[in-house]
Amino acid sequence: MEEIKLTIDGREVTAQSGQTVFQAAAAAGIHIPALCFHEQLEPYGGCRVCSVEVVTGSRSKVVASCVYPASNGLVVNTNTEKIRHIRKVLIELLLTKAPASKPIRDLAEEYGADAARFSHDASFCVLCGLCVRYCTEVKKANALCFISRGTQREVTFVPEIASRECEKCQQCFDICPTNFIRANFEMAKALTFGTEE
Amino acid sequence: MPRLNTPAELETLRKKLVKNQSASRPCITVCCGTGCRALGSVKLVDAFRAELAKQGLESSVDIKETGCHGFCEKGSVVVIYPQNICYFHVKPEDAADVVAKTIKTGELVDHLLYKDPASGEKLVYHQDIPFYKYQERTVLGDNEHINPQNIEDYIQRGGYSALVKALFQMTPESVLEEVDTANLRGRGGDGFPAGKKWRTTRDAPDPVKYVLVNCDEGDPGAFMDRSIMEGNPHCVLEGLAIGAFAVGAKEGYIYVRAEYPLAVENLYAAIRQAEEYGLLGKNILGSGFDFIVKVHEGAGAFVSGESSALMTAIEGRVGEPRPKYIRTAIKGLWDKPSNLNNVETWANVPHIINKGAEWFRSIGTEGSKGTKIFALVGKVNNTGLVEVPMGTTLRDIIFKIGGGLRDGKKIKAVQTGGPSGGCIPENLLDSPVDYDVLSKLGSMVGSGGLIIMDEETCMVDIARYFINFLSDESCGKCLPCREGLRQLVEILTRITEGKGTMADMDTLEDLSGVMSEACLCALGQQAPNPLLTTLKYFRHEYIDHIKNKHCEAGVCKALLTFYIDPDKCKACMICARNCPTDAIKGGKGLIHTIEQDKCIKCGACLDTCPAKFYAVRKISGIPIPDNVPSEPIPLNRKAE
Ligand code: SF4
Ligand code: SF4
Ligand code: SF4
Ligand code: FES
Ligand code: FES
């Protein structure tokens, strides 16, 4: 690991090569909000709440800091007006799905997000993928997966595996930001697990 | 055929093939591309064969099955050499006539000739037909001469000579240099310079590298990649082999959508033959260069066109974009440096190597070189695949090659670049097709789709249509694309139903801005284009829908009203019989009326009311005139 230097919000920050911008910022005590990020998991880049601006010359682009690699000389702004606005809109979209979620409501408060102008489609799951990834990467049980694509995308239990593994594990319940996975599990149990005693 | 071991052997074969084909020998070529096949061209070939046999000509006349000529709507397309006579809409029943007349005596079969829609004049020769005449068919031009299942056709026309040149007269560096200097930009969507991409792959430290062909073509209206792959697969293989040599790859993958069965079939045949002839595989033509090509048949999804999604799919996982900000040129397929270009880009490579970068640079504009194939569709007279130099104006493509609009309608807009391209209004049609110009206009060259829209197109409805298409194609991984598109569809639907507000316009713009910045991949980032361009160029239509509940094109059903003009109605009862919901009241001698509550605005009454009466009216945004009765009234009372 080699030491690198980058500038985050005007401050020179030291990081290790191989770290992401998000990690480099966190190490320097700079807070970037995140939803689909989890320390034990591979970065996913799904929620985009951790978006920051990366500046090269006169151009800047918006990137997801949880997946963007930190590099020597990189200039990053985590809290510009544009970034705050992007986050606000993203959080509003999250609110349309899971209006009661504590972590999402906290974010909404921090960014003054209000989803009144959007139509609501409370399906509770925000498809952050934490549960699926935790089950796959940490537990290596593969009891959860995504099905369908686009607006039809859903998280679902794989009945054959879930009926065997999940009752005794339930670890993903605690990392789900919306509590949906718990409800989903009860539902799946009732509907598809069968009742072999 | 024994394997060719040296460039000299290839050249000897080519000379022999040229010699065997005397220039004056008649040849009937029949397009057997997907379009013409659907219209029975395979049967047509059989009919020609049978007819030649019957008339004792089978040994003196050749028949050739070729790939798509681009003018598919006029299929089956037949060209007769050496004269270059073009016949369109040819059916198996016509074979006898063509052989008896044209082949035997040189007489033309009049009803198969091209008729100019404007002048009504009949045109005979390929070079005179405007659809072909104004094109510059560098890449597509060989399609009408080659049987894609026969490698010798390609070799005879100089095929694989560019590979020979690269392997024996050039170094990987000089090949790369040539493509770089030519400034060949990706034909698949992004317009990224191919030379730069190749260099990144070549310079990546990992010694195992791949070259890849994207033949996914998720854009529903576009089929240029399919037509090249079906009609001239060897030019793609040759380009790919040259690219592999330049970047240092020994293996190539072709991702082709399984919905293109003919492309898949011809591609497999081409790879097999190229291997047999020693033009692919180990020690190509004795050069010491090894290169093999594998095919991946994928289930097409719009997002698979995105490079990392495509590579994920080849690896056998779900085609989903990867989040990493490491370019696939450095870490792609199986984490190895991988250079991905689409079919049309690869097909340009042999031409650049053969004719040189300077030749390529002499075509096109400052920033966009060479030719580009467009799929011209929509309300134009001539639809099909057209190849033109970059820099040709949209107007020339639509009016010179496309022959103008159908039924003498006025043009309103052209959508360029596929579903995530933008809509360009009539007053900007003199813009040249050029990567940078189109992107300044809020659109793009993209895949090369050109959809022509006439005055009967509602631009709000069009935006809704494309956004809805994209929301079905989104992979759903990232929040702004998945949920953003969902909201955009809802708002646009609301506006087309007359339930929108002015605040909705701000929301559309706001959300679009966030999506183009924050989405994970190009699908989501570009998805707002059709919306943003219509908001920009056709803003009045949005406002009209919102404020006046008026759809000027008469498309948005919720804003339409049908009524029957009491002064015109002749009480013929035709409309009433055709109304699917029995919404029309009336009877013999009674002026008919429409019960608005029952009317579903299908337009059947308008279409079926005899033209000489012309009694049904379609209005939007204005009330039904006062003189229209609400219940049927006797005819004579009004007729006086
Ligand atoms: S169930 Fe919970 S953890 Fe799983 S994707 Fe949905 S919101 Fe995320
Ligand atoms: S932008 Fe759309 S298609 Fe691309 S990753 Fe996000 S959800 Fe998938
Ligand atoms: S528009 Fe259709 S439903 Fe309405 S009156 Fe005419 S035919 Fe009947
Ligand atoms: S936390 Fe980075 S994209 Fe979700
Ligand atoms: S398929 Fe025959 S012209 Fe296109």
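Residues numbered from 1 in each chain as written. Chains lettered and ligands numbered in written order. Predicted model: local features only at pLDDT ≥ 70, side-chain atom pairs only at ≥ 80, totals over all residues. Heavy atoms only, no water.

Under the annotation held in an unreviewed UniProt entry, chain B carries the name Hydrogenase subunit HymB, putative and is attributed to Dehalococcoides mccartyi. Its UniProt record, at the heading Sequence similarities (unreviewed entry), says of chain B: "Belongs to the complex I 51 kDa subunit family." (UniProt positions renumbered as here; feature names shortened; annotations may be inferred.)

Identification of chain A as (2Fe-2S)-binding protein from Dehalococcoides mccartyi is taken from an unreviewed UniProt entry. The record held by UniProt for chain A lists under Sequence similarities (unreviewed entry) the comment "Belongs to the complex I 75 kDa subunit family." Within the UniProt record for chain A, the comment given under Subcellular location (unreviewed entry) is "Membrane".

A.B. asks: Quick rundown of helix α19 (residues 479–496) of chain B? Include the residues and the values.
C.D. replies: Residues and elements named next belong to chain B. Taking 1.5 Å per residue, 18 residues should reach 26 Å; α19 reaches 25 Å between its end C-alpha atoms and fits that length. Burial runs high along α19: 15 of the 18 residues are buried. Phi for G498, located one or two positions after α19, is positive at around 80°. (Helix = DSSP H or I, 4+ residues; strand = E, 2+ residues; numbered from the N terminus. Expected span 1.5 Å × (residues − 1). Buried < 20%, exposed > 50% of the residue type's maximum accessible area, 1.4 Å probe, protein only.)

A.B. asks: Tell me about the interface of chain A and chain B, and please be specific about residues and values.
C.D. replies: Listed as interface residues are 33 residues of chain A and, on the opposing side, 29 residues of chain B. Summed over both partners, the interface of chain A with chain B comes to about 2,900 Å²; 54% of that surface belongs to carbon and sulfur atoms. Where chain A packs against chain B, one counts five salt bridges. D121 of chain A serves as the salt-bridge partner of R486 of chain B, at 3.1 Å between the closest nitrogen and oxygen. If you look at where chain A meets chain B, you find 15 residue pairs in polar contact (both at pLDDT 80 or more). (Contact = heavy atoms within 4.5 Å. Buried area = accessible area lost by both parts, 1.4 Å probe. Salt bridge = Lys/Arg side-chain N within 4 Å of Asp/Glu carboxyl O. Polar contact = N/O pair within 3.5 Å; in protein donor to acceptor, adjacent residues only side chain to side chain.)

A.B. asks: Can you tell me about the sheet that holds strand β7 (residues 210–215) of chain B, naming the residues and giving the values?
C.D. replies: Residue and element names in this part refer to chain B. Strand order in the open sheet formed by four strands is β9-β8-β7-β10, with parallel pairing between adjacent strands. The two strands at the open ends of the sheet, each matched to only one other strand, are β9 (292–298) and β10 (338–342). Mean inter-strand twist for the sheet, computed between neighbouring axes without regard to direction, equals 20°. For β7 and β10, the ladder comprises five bridges, and the chain directions are parallel. The residue bridging V211 from the neighbouring strand is N339, located in β10. Here helix α10 (residues 224–231) sits on the sheet and contacts β7, β8 (251–257) and β10; the angle it forms with β7, its principal contact strand, is near 115°. (Pairing = 2+ DSSP bridges. Axes fitted to C-alpha atoms, helices over the stretch in contact; angles between N-to-C directions.)

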